[in-house]
There are 2 protein chains.
Amino acid sequence: MLDTIFARRSIRQYTSEPVSKEQIKKLLEAAMAAPSAGNRKPWHFVVVTDRAKLDALTRHPRGKMLAQATLAIVVCADAKLSEMFWVQDCSAATENILLAATALGLGSVWLGVHPNPEREAAVREVLGVPAGIAVLNVISIGHPAEKKEPRTQYDESRVHVNGW
Amino acid sequence: MLDTIFARRSIRQYTSEPVSKEQIKKLLEAAMAAPSAGNRKPWHFVVVTDRAKLDALTRHPRGKMLAQATLAIVVCADAKLSEMFWVQDCSAATENILLAATALGLGSVWLGVHPNPEREAAVREVLGVPAGIAVLNVISIGHPAEKKEPRTQYDESRVHVNGW
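## Looking at the sheet that holds strand β5 (residues 159–161) of chain B
Read across the sheet, 5 strands follow the order β3(A)-β4(A)-β2(A)-β1(A)-β5(B) without closing on themselves; strand pairing throughout is mixed. Of all strands in the sheet, those bounded by a partner on one side alone are β3 (107–112) of chain A together with β5 of chain B. Going from strand to strand, the sheet's axes swing by 20° on average, the running direction of each strand aside. Bridge count for β3(A) against strand β4 (residues 134–142) of chain A is 6 bridges, and the pairing is antiparallel.

Now the structure itself:
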């Protein structure tokens, strides 16, 4: 498990092999195993496998790789279910998807959307996300066509003991 | 790895056995293996093992279990390193800590702090966190004295395919 955490890297090149339905289900089960404040589970997930929709999502300024990706999972939130903590909750679910993808031999990259209004408007238009629902990010996923070494970026200067 | 994602549950009862230095290092390595927007790594971590400080952190309204915990990791952020995405980045690092704790046989619970001003002021005072640094959460950690079954809370009504 610790190995999977270190093996998770941003993978932006993919083969044309599709991600299977079983794998997609596992990714979503992992997402919805995340903790949430008061167990309020404010999350929604849009699974995108349609080629035209994936291509349209490349409007995200860092989203060029979506033209190659065979899957995107767009993490959304019904923010009124957890006004204070929906970003945290949905980010934990996102990290679970990235780690589950790594464990399944898939590559992924997290493309931040909220709170950037242009990025959010673009995704909303492509996928028809309703006005009351926030778009936190787009996760680009596919079978990897590049390899990166496991790593931590551990930095002792970021660690404080028993006080700042 | 998927097993660890499903096995991670909020554990609020602990034995008195301390968490070892090696385990604490692993938790921090896992945290700093998280992705961050533009690899800006806005995170800081305060490791708390001092009994009086752990007891003082029980001022968090959901933090009673910290009186039993032998470790807390307080996840903080230098928000100016990533104005838009520090909450997401530090939440991913937090989820990595929870999963690494599970993999190491430890129990943990995520106590949300930011953006609640009273909770943030209390932690700031106990640990001397400087004014420019945000406090995202307190993670309570210890050797588990309760057992919970693995689970996902998968809910098909939260899944949308190729559009909302």
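What follows picks up the thread again.
## Description of the packing of aromatic side chains
Throughout the structure, instances matching the rule amount to 0 aromatic pairs over all chains. The ring of Tyr154(B) has Lys25(A) sitting right over it, with the charged end atom 4.9 Å from the ring centre.

## Section: the interface of chain B and chain A
Many structure descriptions define interface size as the accessible area lost when the parts assemble. Each side of the interface is counted separately: chain B has 68 residues, and chain A has 68 residues. Between chain B and chain A, a total of about 5800 Å² is buried, with carbon and sulfur atoms accounting for 64% of that surface. If you sort the residues of chain B by the area they bury against chain A, Arg158(B), Asn162(B) and Trp164(B) come out on top, with a joint share of 15%. Residue assignment for the side of chain B that touches chain A shows that the elements contributing at least two residues are α1 (2–7), α2 (21–31), β1 (43–48), α4 (86–103), β3 (107–112), α5 (117–127) and β5 of chain B. In terms of residue count, the dominant contributor to the side of chain B that touches chain A is α4(B) (10 residues). Alignment of strand β1 (residues 43–48) of chain A against β5(B), held across 3 bridges, turns out to be parallel. The residue bridging Phe45(A) from the neighbouring strand is Val159(B), located in β5(B).

## Some words on the pattern of salt bridges
Residue and element names in this part refer to chain A. Under the counting rule described, the total for this entry stands at 14 salt bridges over all chains. Among the salt bridges present, the one from Asp55 reaches Arg51, with a minimum N-O distance of 3.2 Å. Taken together, the residues span about one helical turn, with Asp55 and Arg51 both in helix α3 (residues 51–56) at a distance of 4 residues. Arg51 gets classed as partly exposed once you look at its relative accessible area, which sits at 36%.

## Points about the packing of helix α2 (residues 21–31) of chain A against helix α4 (residues 86–103) of chain A
Residue and element names in this part refer to chain A. Contact geometry of α2 with α4 gives a least axis separation of 8 Å together with a crossing angle of 140°. Overall, the two elements α2 and α4 adopt an arrangement that is oblique. Two packed elements cross with a definite hand, and for α2 against α4 that hand is right-handed. Each of Leu27, Ala30 and Ala31 in α2 lies in contact with α4, whose residues at this interface are Ala93, Asn96, Ile97, Ala100 and Ala101. Taken together, the residues of the contact of α2 with α4 break down into 7 nonpolar, 1 polar and no charged.

## Some remarks on the relation of the copies chain B and chain A
Relating the two copies of this chain is a rotation about some axis coupled with a shift parallel to it. Once chain B is rotated about the relating axis by 180° and shifted along it by 0.0 Å, it coincides with chain A to within an RMSD of 0.0 Å. What the rotation and shift describe, once combined, is the action of a two-fold rotation axis. Within chain B, Met1(B) has its C-alpha nearest the rotation axis, a separation of 2.3 Å. A shared interface surface links the copies, since 100% of the contact residues of chain B are contact residues in chain A too.

## Brief notes about α4(B)
Residues and elements named next belong to chain B. Over its 18 residues, α4 extends 26 Å from the first C-alpha to the last, a length consistent with the 26 Å expected when each residue adds 1.5 Å. With 16 of its 18 residues buried, α4 lies for the most part within the structure. Downstream of α4 by a residue or two, Gly105 has a phi angle that is positive, lying close to 85°.

Criteria and cut-off values
Along each chain, residues carry numbers from 1 onward, in the same order as the chain's sequence is written. Labels follow written order: the first chain is A, the first ligand is 1, and so on. Two thresholds apply to this predicted model, a pLDDT of at least 70 for residue-level local features and 80 or more for giving and counting side-chain atom pairs, whereas whole-chain, interface and lining totals are computed over all residues. Note that water and hydrogens are dropped before the side-chain values are worked out from all heavy atoms of the structure. Paired strands, as defined in this entry, are two strands with at least two bridges between them according to DSSP. Runs of E in the DSSP output that reach at least two residues are strands. Runs of H or I that reach at least four are helices, and both are numbered from the N terminus. In this analysis, axes come from line fits to C-alpha atoms, helices being fitted only over the stretch in contact, and the angle between any two N-to-C directions falls in the range 0 to 180 degrees. A pair of aromatic rings is counted whenever rings of Phe, Tyr or Trp (Trp by its six-membered ring) have centres within 6.5 Å, and the orientation is called stacked for planes under 30 degrees apart, edge-to-face for over 60 and tilted otherwise. Comment: the charge-over-ring label is applied if NZ (Lys) or CZ (Arg) is within 6 Å of the ring centre and within 35 degrees of the ring normal. Contacts are residue-level and defined by heavy atoms, with any inter-residue pair within 4.5 Å sufficient. Summed over both partners, the accessible area lost on bringing two parts together, with a 1.4 Å probe, is the buried area. By convention in these notes, a salt bridge is any Lys or Arg side-chain nitrogen within 4 Å of a carboxyl oxygen on Asp or Glu. Partly exposed describes any residue whose relative accessible area lies between the buried limit of under 20% and the exposed limit of over 50%, with all areas from a 1.4 Å probe on protein chains only and scaled to the type maximum. Any angle that falls under 35 degrees is termed roughly parallel, while one over 145 is termed roughly antiparallel, one within 65 to 115 roughly perpendicular, and all others oblique. Crossing chirality is assigned from the near helix's rotation relative to the far helix, an anticlockwise turn below a right angle marking it left-handed and a clockwise turn marking it right-handed. When residue character is reported, Ala, Val, Leu, Ile, Met, Phe, Trp, Tyr, Cys and Pro are called nonpolar, Asp, Glu, Lys and Arg charged, and the others, Gly included, polar. When the copies are overlaid, the least-squares fit takes in C-alpha atoms only where the residue has pLDDT of at least 70 in both copies. The span one expects for a helix is its residue count, reduced by one, times 1.5 Å.

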